[in-house]
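Topology and contacts: notes
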Amino acid sequence: MKLTGSEALIQALKQEGVDTIFGYPGGAIMPVFDALYDHSRDIKHILMRHEQGATHAAQGYARVSGKVGVCFVTSGPGATNTITGIGDALMDSTPMVVITGQVGAALLGSDAFQEIDVVGITQPITKWAYQIRRAEDVAWAVARAFYIARSGRPGPVVLDFTKNAQIETTEFHYQACNFIRSYNPFPELQSEQVEKAVRLIDRAERPFALVGQGVVLSGAEEALRNFLEKADIPAAATLLGLSAMPSDFPLNRGFLGMHGNVAPNLKTNECDLLIAIGMRFDDRVTGDLNSYARQARIIHIDIDPSEINKNVKVHAPIWADAREALEALTQGIRPAKHSEWIASFEPHDRKEFEKVIEKEIHPEEGPITMGEVVRLVSEATEHDAVLVNDVGQNQMISARYFRFKRTRSIVTSGGLGTMGFGLPAAIGAKTGAPERRVCLFCGDGGFQMTLQELGTIMQEGTGLKMIILNNQFLGMVRQWQELFFDERYSFTHMQNPDFVAIAKAYGIEGCEVSLREELPQAIDRMLADDKPYLLVVNVEQKGMVLPMVPAGSCVTNILF
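Here goes a summary of the coordinates provided. (Residues numbered from 1 in each chain as written. Predicted model: local features only at pLDDT ≥ 70, side-chain atom pairs only at ≥ 80, totals over all residues. Heavy atoms only, no water.)

1. A few points about the sheet that holds strand β2 (residues 20–23)
Within a sheet, neighbouring strands are paired by backbone hydrogen bonds and run either parallel or antiparallel to one another. One open sheet holds the six strands; their spatial order is β3-β2-β4-β5-β7-β6, and the pairing between them is parallel. Each edge of the sheet is formed by a strand with only one pairing partner; in this case those strands are β3 (44–47) and β6 (128–132). Taken over all neighbouring pairs, the strand axes of this sheet differ in orientation by 20° on average, direction set aside. Judged from the five bridges that link them, strand β4 (residues 69–73) and strand β5 (residues 96–102) form a sheet pairing that is parallel. (Pairing = 2+ DSSP bridges. Helix = DSSP H or I, 4+ residues; strand = E, 2+ residues; numbered from the N terminus. Axes fitted to C-alpha atoms, helices over the stretch in contact; angles between N-to-C directions.)

Structure follows, in structure tokens:
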């Protein structure tokens with residue numbers, strides 16, 4: 001059938017199973033939005049209030065649903081406003097297709113109104129960036145874009161769609177893409193790699209597994225549990241991998257990294273075998289590489305070969321899908337017991353609880369603490385909500401004290417650390433999993449970076465539960481200033497507006513709490529129905545997220 005390029009785009013998206021698009025219209029993308037008008041029954045478009053918000057919403061949608069997030073934006077500033085979200089998606093391996101409008105092909109290079117080199121700008125931060133200049137290339141480009149975005153290590157793709165290609169007509173025929181020459185997203189598992197790893201695991205007396213988001217992306221959660229249980233291996237998770245294991249899974253020893261739990265960080269430098277699964281040895285996990293796990297043999301499972309031996313030299317590299325690799329390892333290894341090794345985590349857990357955790361989540365006096373808010377919300381949702389957070393102290397404290405029952409339950413900005421990520425990402429998460437309760441934790445700083453998306457919540461009725469941990473500071477920067485800059489609080493104190501009044505202006509109910517005895521009732525009121533709600537909790541102004549491994553330090557150099 002003969003269609004315009006814009007109509008061909010919509011039909012191609014339907015062929016890829018797209019049911020939701022986050023976007024913001026403008027002149028250079030208007031023919032696409034006009035074509036979308038006739039397909040509102042099949043594809044829901046959510047009008048965001050800023051193009052950056054559209055990308056973060058698409059990320060949140062992708063993270064909880066496992067589908068590819070999709071954005072429509074216009075040319076020029078519409079396209080450049082997506083850069084932060086695209087970079088965030090690349091670093092956190094989030095499948096996303098961003099479709100930008102562009103001036104007509106005849107005007108390219110003429111500095112036409114709102115023309116900018118989208119492909120040139122986005123190539124370094126995408127898996128693929130391509131400019132569609134002819135209507136006849138639409139179906140091919142869309143098929144290729146979705147294949148690249150979702151296959152192998154997922155990530156963002158940009159299609160820059162010229163105005164002429166949107167309005168020209170073409171014969172439409174759609175064929176899904178499942179092969180691209182020189183692109184190998186599904187490496188064949190090598191038996192010799194597995195056999196070498198099996199020998200290391202069978203010989204290990206103090207094995208330790210590091211669990212990353214790759215476990216979730218490959219659907220390897222059950223394979224991971226089977227592997228850990230057969231070999232009796234304790235494990236800890238990176239920030240993005242936290243919900244890959246239930247929080248109460250007996251072999252789950254907690255959270256890795258700068259603000260992680262004490263025992264996993266210490267045991268990293270005591271184990272004799274380190275098994276990294278779908279994680280990239282980020283500097284927030286490793287600290288000083290020169291002192292990181294020097295005593296251990298290292299197995300690294302990753303689908304992206306560029307990550308293997310990039311930061312940490314490994315002894316048994318397994319370039320493969322995490323689920324396939326774990327299933328092969330489980331079949332090959334002998335059953336084992338490491339009771340004494342696992343028991344050695346306990347003294348450190350007790351010490352951390354006594355020195356930090358108990359005071360943070362069960363304070364007896366003083367201002368409300370961030371940790372007790374997180375604990376109470378997690379308990380009130382029976383530890384079965386999706387946690388979305390912004391960046392800063394709110395991110396680390398909620399990651400530490402929120403609990404998880406099932407996978408795909410944390411949405412956070414890991415690699416790029418994007419303030420302002422939380423609110424639009426939570427809109428996407430709730431859209432991608434409407435049956436689940438979504439709880440957003442923000443700081444007062446990050447919330448104000450994208451609070452215009454309250455307009456999206458108002459228009460869509462998105463049933464988010466938003467919690468602002470209000471300490472009137474850029475909290476994480478203030479913490480560093482206190483610890484490392486002699487308490488010179490340079491431009492981190494914030495004079496904040498009446499957040500509840502702002503929410504009310506958008507038709508969103510809310511309340512503000514300063515007293516501990518009022519907090520449980522306020523949380524119950526927030527969770528009473530599925531309507532959007534904003535809870536502002538005035539917490540301890542100079543609260544700290546501890547323990548902490550200072551940046552660039554050895555992982556055993558832990559501040560309490």
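Next comes the rest of the write-up.
2. Comments concerning the layout of surface pockets
In this model, the second largest pocket occupies a volume close to 570 Å³. Taken together, 22 residues form the lining of the second largest pocket, with S247, G254, N261, R400 and R403 sitting closest to its centre. Mapped onto the lining of the second largest pocket, the elements with two or more residues apiece are β11 (252–255), α16 (346–361), α17 (370–380) and α18 (393–401). For the lining of the second largest pocket, a count of residues per class yields nine nonpolar, six polar and seven charged. Of the residues that make up the lining of the second largest pocket, three or more belong to each of domain 2 (191–345) and domain 3 (367–538). (1 Å grid on protein atoms, 1.4 Å probe; cavity = no way out; pocket = protein on both sides within 12 Å on 5 of 7 lines; lining within 4 Å. Points joined across faces, edges and corners; volume = space filled by probe spheres on them. Nonpolar A, V, L, I, M, F, W, Y, C, P; charged D, E, K, R; others polar. Domains from an automatic or database assignment.)

3. Describing the sheet that holds strand β17 (residues 438–443)
Taking strand neighbours across the sheet as the criterion, the six strands line up as β16-β15-β17-β18-β20-β19 in an open arrangement whose pairing is parallel. Whereas interior strands pair on both sides, the edge strands pair on one side only; in this sheet they are β16 (410–411) and β19 (509–513). One ladder, built from six bridges, connects strand β18 (residues 465–470) with strand β20 (residues 533–538); its direction is parallel. Across the sheet, L469 pairs through a bridge with V537, a residue of β20. Of the strands in this sheet, β18, β19 and β20 touch helix α24 (residues 519–526), which is tilted by about 165° from β20. (Contact = heavy atoms within 4.5 Å.)

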